Amino acid sequence: MNFICCIRVFAQADHFQHAGNAQFDCTPALMRERLNDNFEIFQLYIREFYANLTTVAWRGCIDTITSMEEDLRNTLIVTKDKTQYDMKAKRILARKSVLSHILAATVDEFKGMPIKEVAKHIEGEIYISRVPVGSGLTNHETVDAKGDRIVTLNTEDFENDEGLVRFDVLFYVRMKDGISQIIINVEAQKAKPSGYSLLNRAIFYVSRLISSQKERDFVGDNYDDIKRVYTIWICMNMDSCIWNYVHLTNDAFMGNFDWEGKLDMINIVLLGVPNELPEKDEKYELHRLLSTLFSVDLPPEKRIDILQNEYNMAHEDEFREEMTEMCNLSEGIWERGIEEGEARGEEKGKIEGQMDVIRWMKDHPNSTPEQAMQAFGLS
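Description of the structure in this document.

1. A closer look at the overall build of the protein chain
Regarding its fold elements, the protein chain presents eleven helices and ten strands. A burial count over the protein chain gives 42% of its 379 residues as buried. Per element, the accessible surface of the protein chain, about 21,600 Å² overall, is 50% carbon and sulfur.

2. Observations regarding the pattern of salt bridges
Summed over all chains, the structure comprises 14 salt bridges. We note a salt bridge from aspartate 86 to lysine 190, for which the minimum N-O separation is 2.9 Å. Taken together, the residues span a long stretch of sequence, with aspartate 86 in helix H4 (residues 55-93) and lysine 190 in the loop between strand E7 (181-189) and helix H7 (198-211) at a distance of 104 residues. Glutamate 215 serves as the salt-bridge partner of lysine 214, at 3.7 Å between the closest nitrogen and oxygen. Beyond isolated ion pairs, a larger network of salt bridges with shared partners links Glu141, Arg149, Lys214 and Glu215.

3. Section: the packing of aromatic side chains
The full count for this structure, using the stated rule, is five aromatic pairs. Pairing tyrosine 205 with tryptophan 233 gives two aromatic rings, centres 5.0 Å apart and planes at 70°, and the pair type is edge-to-face. Of this pair, tyrosine 205 sits in helix H7 while tryptophan 233 sits in strand E8 (residues 228-238); the two residues are 28 residues apart in sequence, bridging distant segments of the chain. Judged by relative accessible area, tyrosine 205 falls into the buried class, the value being 2%. Between phenylalanine 218 and tyrosine 223 the ring centres are 5.5 Å apart and the planes differ by 50°, which places this aromatic pair in the tilted class.

4. Let's talk about H7
Taking 1.5 Å of rise per residue, 14 residues should cover 20 Å, and H7 covers 20 Å from first to last C-alpha, within 8% of that figure. Regarding H7, the residues found buried are Leu198, Ala202, Tyr205, Val206, Arg208, Leu209 and Ile210. For H7, the elements touching its buried residues are strand E6 (169-174), E7, E8 and strand E10 (266-274).

5. Describing the packing of helix H5 (residues 96-106) against helix H8 (residues 285-294)
Interaxial distance between H5 and H8 falls to 10 Å at its minimum, and their mutual angle equals 155°. Classed by the angle they form, the pair H5 and H8 counts as roughly antiparallel. Seen from above, H5 lies across H8 with left-handed handedness. For the pair H5 and H8, the contacting residues are Val98, His101, Ile102, Ala105 and Thr106 in the first and Glu285, Leu286, Leu289 and Leu293 in the second.

6. Description of the nonpolar core
By size, the foremost hydrophobic cluster in this structure holds 41 residues, and its most contacted members are Ile102, Leu103, Phe171, Ile184, Val186 and Ile234. Tallying contributions element by element places H5 first for this core, with six residues. The residues touching isoleucine 234, leaving out its near neighbours within four places in the chain, are Leu93, Ile102, Val186, Glu187, Ala188, Gln189, Leu271, Val273 and Leu290. Counting residues in each nonpolar core, the second largest holds 22 residues, with Trp233, Cys235, Ile268 and Leu270 among its members.

7. A look at the environment of valine 173
You can see valine 173 is positioned in strand E6. Spatially, the C-alpha atom of valine 173 lies 9.2 Å from that of alanine 119, the residues being 54 residues apart in sequence. Once residues within four sequence positions are removed from consideration, valine 173 is found in contact with Leu103, Phe110, His121, Ser180, Gln181, Ile182 and Ile184.

8. Some details on the sheet that holds E6
The mixed open sheet is built from six strands, whose spatial order is E3-E6-E7-E8-E10-E9. Both edges of this open sheet fall to strand E3 (122-128) and strand E9 (242-247), since each of them pairs with a single strand only. Looking at each pair of strands side by side, their axes are set apart by 15° on average, direction ignored. Sheet topology places E7 next to E8; eight bridges connect them, and they run parallel. Bridge pairing in E8 links isoleucine 182 to arginine 228.

9. Regarding the pairing of E10
Judged by how many residues are buried, E10 sits mostly within the fold: eight of nine residues are covered. Strand direction decides the pairing type here: E8 and E10, joined by eight bridges, are parallel. Its bridge partner being in E10, tryptophan 233 is matched across the sheet by leucine 270. Note that E9 and E10 share six bridges and pair antiparallel. Following the sheet pairing, asparagine 244 is matched in E10 by leucine 270.

10. Some words on the packing of H8 against helix H9 (residues 300-311)
Look at H8 against H9: their axes get within 9 Å of each other, and the N-to-C directions meet at 150°. The angle between H8 and H9 falls in the class roughly antiparallel. In terms of crossing hand, the pair formed by H8 and H9 is left-handed. Residues Glu285, Arg288, Leu289, Thr292, Leu293 and Phe294 of H8 touch H9, and the partners they reach there are Arg303, Ile306, Leu307, Glu310 and Tyr311. Taken together, the residues of the contact of H8 with H9 break down into six nonpolar, one polar and four charged.

11. Description of a negative patch on the surface
A cluster of like negative charges, contributed by Asp224, Asp225, Asp258 and Glu260, occupies part of the molecular surface. One can find aspartate 224 in the loop between H7 and E8. Judged by its relative accessible area of 67%, aspartate 224 falls in the exposed class.

12. Things to note about unusual backbone geometry
The backbone of glutamate 215 sits at a positive phi, close to 75°, despite the residue not being glycine. Among the secondary structure elements, glutamate 215 is positioned in the loop between H7 and E8. Residue classification places glutamate 215 among the partly exposed positions, given a relative accessible area of 25%. Positioned with a positive phi, asparagine 237 is a non-glycine residue whose angle comes to about 60°. On the basis of relative accessibility, which here comes to 42%, the residue asparagine 237 falls in the partly exposed class.

Parameters at a glance
- Sequence order as written defines the numbering, with residues in each chain counted from 1.
- Two thresholds apply to this predicted model, a pLDDT of at least 70 for residue-level local features and 80 or more for giving and counting side-chain atom pairs, whereas whole-chain, interface and lining totals are computed over all residues.
- Values shown for side chains rest on all heavy atoms present in the structure; no hydrogens or waters enter the calculation.
- Helix and strand labels come from DSSP, where a helix needs a run of H or I of at least four residues and a strand needs a run of E of at least two; each type is numbered from the N terminus.
- With a 1.4 Å probe rolled over the protein chains alone, any residue whose accessible area is under 20% of its type maximum counts as buried; one over 50% counts as exposed, and the rest are partly exposed.
- Under the convention used here, a 1.4 Å probe and the Shrake-Rupley method define accessible areas, while residue burial counts only the protein chains that appear.
- Here, a salt bridge means any side-chain nitrogen of Lys or Arg that lies within 4 Å of a carboxyl oxygen of Asp or Glu.
- We call Phe, Tyr and Trp rings a pair once their centres come within 6.5 Å, taking the six-membered ring for Trp, and we label the pair stacked below 30 degrees between planes, edge-to-face above 60, and tilted otherwise.
- Between the first and last residue of a helix there are one fewer steps than residues, each counted as 1.5 Å, and that sum is the expected span.
- Contacts are assigned to residue pairs that have any heavy atoms within 4.5 Å of one another.
- Lines are fitted to the C-alpha atoms to define the axes, a helix being fitted only along its stretch in contact, and any angle between axes, read from their N-to-C directions, falls within 0 to 180 degrees.
- Angle categories are assigned with fixed cut-offs, so that under 35 degrees is roughly parallel, over 145 is roughly antiparallel, 65 to 115 is roughly perpendicular, and the rest are oblique.
- Whether a crossing is left-handed or right-handed is set by the direction in which the near helix is turned from the far one by less than a right angle, anticlockwise for left-handed and clockwise for right-handed.
- As used here, the term nonpolar core means buried Ala, Val, Leu, Ile, Met, Phe, Trp, Tyr and Cys residues forming a set that is joined through side-chain atoms within 4.5 Å.
- At least two bridges found by DSSP between two strands are what make those strands a pair.
- Residues are grouped as follows: Ala, Val, Leu, Ile, Met, Phe, Trp, Tyr, Cys and Pro are nonpolar; Asp, Glu, Lys and Arg are charged; every other residue, Gly included, is polar.
- A residue counts toward a patch only above 30% relative accessible area and without a salt bridge, and it is joined to like-charged neighbours within 9 Å or, for Val, Leu, Ile, Met, Phe, Trp and Tyr, to nonpolar neighbours within 5 Å.
- Neither His nor the chain ends contribute to the count of charged residues, in which Lys and Arg are positive and Asp and Glu negative.
- Charge positions are represented by NZ for Lys, CZ for Arg, CG for Asp and CD for Glu.

Structural measurements only, silent on function.
See below:
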């Protein structure tokens, strides 16, 4: 049972009245305002809740409330672990050796090029969860000593960045001509989202990658200077290997006129990766790599073996350490999830009985503890 469950349980007792005390308001809105996802405030609120309950309500709720405290503490631990796991996964994804394989498979100019050569084309810093996606936040503007305006990617920390969405991985690539550049964004998803269409989000991201270039990569109306962009989405836990390429096309319905411009400016790549390791085959080479890196079903020793022998990776101590830490975090989250599920099953019966007590007291606000105990066969 999580934080929201706590609110729902307490909200059932929204107008307890204790003999000699003022009415105790416990509405969902007030709960959310006062708790605000803060464990310390949660504990204070519980004590206030205790102080305004009758004896029978105390007896009926104390186990549930204590369990809620422990459950919330465990939820905070799991959330912290998940955050650490996500960052470890992004750091592994952002390694040049991994990005080079992704570029070699998805960007035409690099197909067939040796992976080590591809890595040399990745320029500058690789930004990991540092650049905001939101309009007006992606760029940062400064003025140099000469008074000239300089616009760069915004990597500054925000005082309050709760809810701020950032690109998972973002970097520039120098093309083989040595002059032009493209911008690459790589996003990792644990599973296909259920609350929205992933393609729609990818379209939003690629649009931001285009529009945010204004004043940073091109100025004024020099639209021919807009850099080509790729947003590459890796979605785990799919049923099979998936690979879609979404891009612009030019369908001539009337006449024959050559409209100049870059049809290849916008590129969306959607990769679905199963947990089950794909077979060793050239067409599955990228999916097998991604599954090896991020599948929860693969033992650490097997991961390292495949990375070393098939992809010539994981030789560096730092890389091996990051892989080990990510695997350990993944196993810890999985084990706690199993324990939490078992605990929920055991508590379900208790909670239902305790909720009956709360509902009865709400319907009988002037009852005595003895009457309540008799109603539930406790006397």
